[in-house]
Amino acid sequence: MNTSLPQSFVDPACERELLAACIANPGASSLAAEKVSPEDFGVPLHGKIFRAVIEVLADGKKPDEFALDNKLRGEPAYDSAGGLHFLIEITGSDVSFSRPSAIDGLAESIKTNALRRKFQQTVNSAQRRSEDPLQTVGEQITDLRESVTQLEDESEMSQRGMIHVAEVTRELGPILTRLSERPGEMIGFSTGFRSLDRVSSGFPPGGLTVLAARPSMGKTAFALDVALRVAKEEIPVAIFSLETPRDMLQLRLVCRHGRIDLSSLTSGQATDEAWKRLAPAIAAVSQLPIYVDDRPRPKAADLRWRIRAAARRFNAKLVIVDYLQLATARGETRNDEVATVSGELQAAAREIGHINGGALLVASQLNRVADGERPRLSHLRDSGAIEQDADAVWFLCEAAGSRPGQLEPFGKELEIAKSRNGPTGTLHFNYIGQCMAFEEYA
């Protein structure tokens, strides 16, 4: 760590006090290791000593001065500081080693200083990049967002250490009270489909639901149908349309709401009745709390930032991403890239869950599925990380027995292939392709 940073961001006395506590009381090391890492120490030698403490404990030994000296001997910074004499000097300080609250306080102070130093480095780096004429402003903003997001992740992780279940119960209390006082209430908010709510418990706070299907199977239509139903309950919805331009997305929402034949409208063959229904449908959809972002092929970290911003700025509780494979990320292979995107979306779901109890619905492509073959989790395209990261996976497919050219409405099936909050199974819908509407079976 660069100790040329402002001294207010490095507290050697605090670091030595924590080291003294860890050496004198091995139990303190476990408490400290929960909150800080060797890299968090502002004095590099202190970080090396803390790492040695952890390694000695891992070997099943007591981290006293002599065990640490054996581990550190030969390290230039340690030898030049005085070696064993330096360790004895640290442990000779008058420190209260028994109080966990004292250990927590020291560790928290060290972590806070580390985050301040990293923030200062981020600011300095952004300043240097801003003077680079070869880098666009957009690239500079994206890099800065990625750095800030990493800092936010580290800060949140340091605040969410291990706690006793009694504290978790206190957090759970308000949720259980709400469920007991309102019969029929779910932990999450409704999907707009009663049959789906019964098996999924709605969209749970912080949940990541993946809606997967082959191309042209109706996953965008289903996602937009859900968006309309949720928004009609005055729950704000944000749609990140990575494939469809926002004007066409709006037209699809309008046609779905007004039961207007989209293809006849776009081909210039709409009836007078369709034109009559169009204006009221536009007015109605325009009043709904739906927000659209159609910027194509975003970087995964940038998309995560935008999702979090939508939750804060518009209070968007349902965020829809259409679709996952169109976001980009760094990676040696396509599998690595998609795994990074999936991980960022999982983190975004957790973040909006903390912000406003929101949830994320993400459309995903499937690998090629043979005709007549039912989709499986292994068909999720490009990466097994999608299956691992998702709290629920829904497959949209044609109903058994359906055939090409069948008169509408025809059957669609939504298979709940994975669910952390309820059972799996298959739900049946009628699909009206002209206006891309889904209806539950009576």
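Residues numbered from 1 in each chain as written. Predicted model: local features only at pLDDT ≥ 70, side-chain atom pairs only at ≥ 80, totals over all residues. Heavy atoms only, no water.

### Remarks on the packing of helix H3 (residues 44–58) against helix H6 (residues 84–91)
Selection rule: Axis lines are fitted to C-alpha atoms, over the contacting stretch for helices. Their N-to-C directions set the angle, which ranges from 0 to 180 degrees. Numbered from the N terminus, helices here are DSSP runs of H or I no shorter than four residues, and strands are runs of E no shorter than two. Oblique is the label for any angle not covered by the other classes, which are roughly parallel (under 35 degrees), roughly antiparallel (over 145) and roughly perpendicular (65 to 115). In this analysis, two residues are considered to be in contact whenever any of their non-hydrogen atoms come within 4.5 Å of each other.
Where H3 contacts H6, the two axes come as close as 13 Å, and the packing angle between them is 85°. Between H3 and H6, the crossing angle belongs to the class labelled roughly perpendicular. Here Leu45, His46 and Ile49 of H3 lie close against H6, whose contacting residues are Phe86, Leu87 and Ile90.

### Details of the environment of Val56
With respect to the helices and strands, the residue Val56 is situated in helix H3. For the pair Val56 and Asn70, spaced 14 residues apart in sequence, the C-alpha separation works out to 9.9 Å. When residues no more than four places from it in sequence are discounted, the contact partners of Val56 are Lys61, Lys62, Pro63, Ala67, Leu68 and Lys71.

### Considerations on the confidence of the model for the protein chain
Heads up, the condition is: Per residue, pLDDT measures the predictor's confidence, with a range of 0 to 100.
Of all residues in the protein chain, 84% attain a pLDDT of 70 or more, and the chain-wide mean is 80. Note on residues 1–5: pLDDT under 50 across the span, and 14 contacts to partners over four residues away in sequence or across chains.

### Some words on helix H11 (residues 219–231)
Cut-off, in case you're wondering: To estimate the expected span of a helix, count its residues, drop one, and scale the result by 1.5 Å. The buried label applies to any residue whose accessible area, calculated with a 1.4 Å probe on protein chains only, is under 20% of its type's maximum; exposed applies above 50%, and partly exposed to all values in between.
Given a rise of 1.5 Å per residue, 13 residues ought to cover 18 Å, and the 18 Å separating the end C-alpha atoms of H11 matches this to within 8%. Among the 13 residues in H11, 12 count as buried, and that is most of the element. Every buried residue of H11 is accounted for by Lys219, Thr220, Ala221, Phe222, Ala223, Leu224, Asp225, Val226, Ala227, Leu228, Val230 and Ala231.

### Some remarks on the packing of aromatic side chains
Note the cut-off: Any pair of Phe, Tyr and Trp rings, taking the six-membered ring for Trp, is counted once the centres come within 6.5 Å. Such a pair is stacked with planes under 30 degrees apart, edge-to-face with planes over 60 apart, and tilted for the rest. Two conditions define a charge located above a ring, namely a distance within 6 Å from the ring centre to NZ of Lys or CZ of Arg, and an angle within 35 degrees of the ring normal.
Scanning all chains against the criterion turns up 10 aromatic pairs. Summarising the aromatic geometry, the rings of Phe41 and Phe50 are spaced 5.1 Å apart at their centres and angled 40° between planes, so their arrangement reads as tilted. Here Phe41 matches Phe50 in class, with each residue buried. Taken together, a centroid distance of 4.2 Å and an interplanar angle of 20° make the contact between Tyr291 and Phe314 stacked. Taken together, the positions of Tyr291 in strand S3 (residues 290–293) and Phe314 in the loop between helix H15 (300–313) and strand S4 (318–322) put the pair 23 residues apart, joining distant regions of the chain. On the basis of relative accessible area, Tyr291 is assigned to the partly exposed category, the value being 32%. With relative accessibility at 28%, the residue Phe314 sits in the partly exposed group. Taken together, the ring pairs in this structure connect Phe193, Phe222, Phe429, Tyr431 and Phe438 into an aromatic cluster. Over the aromatic face of Tyr323 sits the side chain of Lys219, whose NZ or CZ is 5.6 Å from the ring centroid.

### Some words on the nonpolar core
The cut-off we apply is this: Among the buried residues, those of types Ala, Val, Leu, Ile, Met, Phe, Trp, Tyr and Cys that are joined through side-chain atoms within 4.5 Å form a nonpolar core.
Residues Phe222, Val237, Leu318, Trp394 and Leu414 are the most contacted members of the largest nonpolar core, which totals 47 residues. Here this core takes 9 residues from H11, the largest share from any one element. Counting 33 residues, the second-largest nonpolar core is a separate cluster that includes Ala310, Ala363, Leu366 and Ile386.

### Let's talk about the packing of helix H2 (residues 26–35) against H3
What counts is decided by this rule: Crossing handedness is read from the near helix: turned anticlockwise from the far helix by less than a right angle, it gives a left-handed crossing, and turned clockwise, a right-handed one. For this classification, the nonpolar set comprises Ala, Val, Leu, Ile, Met, Phe, Trp, Tyr, Cys and Pro, the charged set comprises Asp, Glu, Lys and Arg, and every other residue, Gly included, is treated as polar.
Axis separation between H2 and H3 bottoms out at 11 Å; the angle between their running directions is 115°. Judged by the twist between their axes, the crossing of H2 over H3 is left-handed. Of the residues in H3, those touching H2 at Pro26, Ser29, Ala32 and Ala33 are Phe50, Val53, Ile54 and Leu57. For the contact of H2 with H3, a count of residues per class yields 7 nonpolar, 1 polar and no charged.

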